[in-house]
Amino acid sequence: MSTHAETRKWTLPALAEAKASQRRLVMLTAYDYSFARVLDANGVDLVLVGDSLGMVVQGRDSTLPVTVEQVAYHTAAVARGLQRALLIADLPFQSDATPERALDSAIVLLQAGAEMVKLEGAGPKLEVIRFLAARDIPVCAHLGLTPQSVLKLGGYRVQGRDQAAASQLKLDALAVAEAGASLLVLECVPSPLAAAVTAASRIPTIGIGAGPGCDGQVLVLHDFLGIDTGHRKPKFVQDFLVQGGSIAGAVAAYAAAVRDGSFPDAEHSYA
Ligand code: KIV
């Protein structure tokens, strides 16, 4: 934990430098102050207050009921626990439906302590990304399996499997960067597709169920600690508490495995 890269405060320019120097990025979700402290002290670069909080904290069936106020509440708690990690907060379902609405929502999250907001999708969201980025609000895009579209998708499934969907995802990835996104989460896509997107992307990609070829990795905190949330455990989840022996040890083991490229392996990826 002693290199400059691991002790400095993560900023937007530092993310661009990480992409340029192929330094892999370590990201986890958090929802409260105490976990945020442990993540921050054990090598996590990016912390996400995800709308997954609806499913793993509130016990909902999907992320759709989560509100901006709820994300802001958890963001404020997490922000108090961080010194070096960059804090990203999710724009929940339809809080980013129009550029103006997204701006109002993002202001609430940034004033709660977020340093970047994440939104799902491309298409009409490109205008939203452009609008926020033009107002100096850092944006993380999210493509592939976008859980806020679960009703349309008909479930939580791997995306980009056929040629047309893979081509569209590649175009969308370039488009979100062009619109001003600074980071891109790729969820549940085949490893070769995620690797191709990463190679073509000028912004860092963060995979979750997207194989080892991304610039970084994210997992939901509860999944990574092997906590039973009552939801089906996805193939890409690994319980790091087993090998870490403690929560701090699990975070450090995850950070090391992401950095040395040993996580995710083929067993935790989609071919
Ligand atoms: O809400 C969340 O936790 C997320 C991650 C799964 C990337 O969007």
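For the structure itself, look to the data block above.
Residues numbered from 1 in each chain as written. Predicted model: local features only at pLDDT ≥ 70, side-chain atom pairs only at ≥ 80, totals over all residues. Heavy atoms only, no water.

Attention shifts here to the environment of Cys140. Tracing the backbone through its elements, the reader meets Cys140 in strand S5 (residues 139–144). The class for Cys140 is buried, based on a relative accessible area of 0%. With 41 residues separating them in the primary sequence, Cys140 and Ala181 have C-alpha atoms 5.5 Å apart. (Helix = DSSP H or I, 4+ residues; strand = E, 2+ residues; numbered from the N terminus. Buried < 20%, exposed > 50% of the residue type's maximum accessible area, 1.4 Å probe, protein only.)

Here the focus is the environment of Tyr254. By secondary structure assignment, the location of Tyr254 is in helix H13 (residues 247–260). Exposure remark for Tyr254: the relative accessible area of 0% places this residue in the buried category. Each C-alpha atom, one on Tyr254 and one on His74, is 23 Å from the other, the two residues being 180 residues apart in sequence. A polar side-chain atom of Tyr254 sits 3.5 Å from the main-chain amide nitrogen of Val218. (Polar contact = N/O pair within 3.5 Å; in protein donor to acceptor, adjacent residues only side chain to side chain.)

With that settled, consider the pattern of salt bridges. Scanning the model with the defined rule gives 8 salt bridges in all. Lys9 is paired through a salt bridge with Glu115; the nearest N and O atoms lie 2.9 Å apart. Highlighted residues: Lys9 in the loop between helix H1 (4–7) and helix H2 (12–20) and Glu115 in the loop between helix H6 (99–112) and strand S4 (116–120), separated in sequence by 106 residues. When the shortest N-O distance is used, the salt bridge between Arg84 and Asp45 registers 3.1 Å. In this pair, Arg84 is assigned in the loop between helix H5 (68–79) and strand S3 (86–90) and Asp45 in the loop between helix H3 (33–41) and strand S2 (46–49), connecting sequence segments 39 residues apart. The exposure classification of Arg84 matches that of Asp45, with both residues buried. One continuous salt-bridge network, built from bridges that share partners, spans Arg23, Asp45, Arg84 and Arg259. (Salt bridge = Lys/Arg side-chain N within 4 Å of Asp/Glu carboxyl O.)

In short, the description is geometric, and any link to function would need to be established separately.
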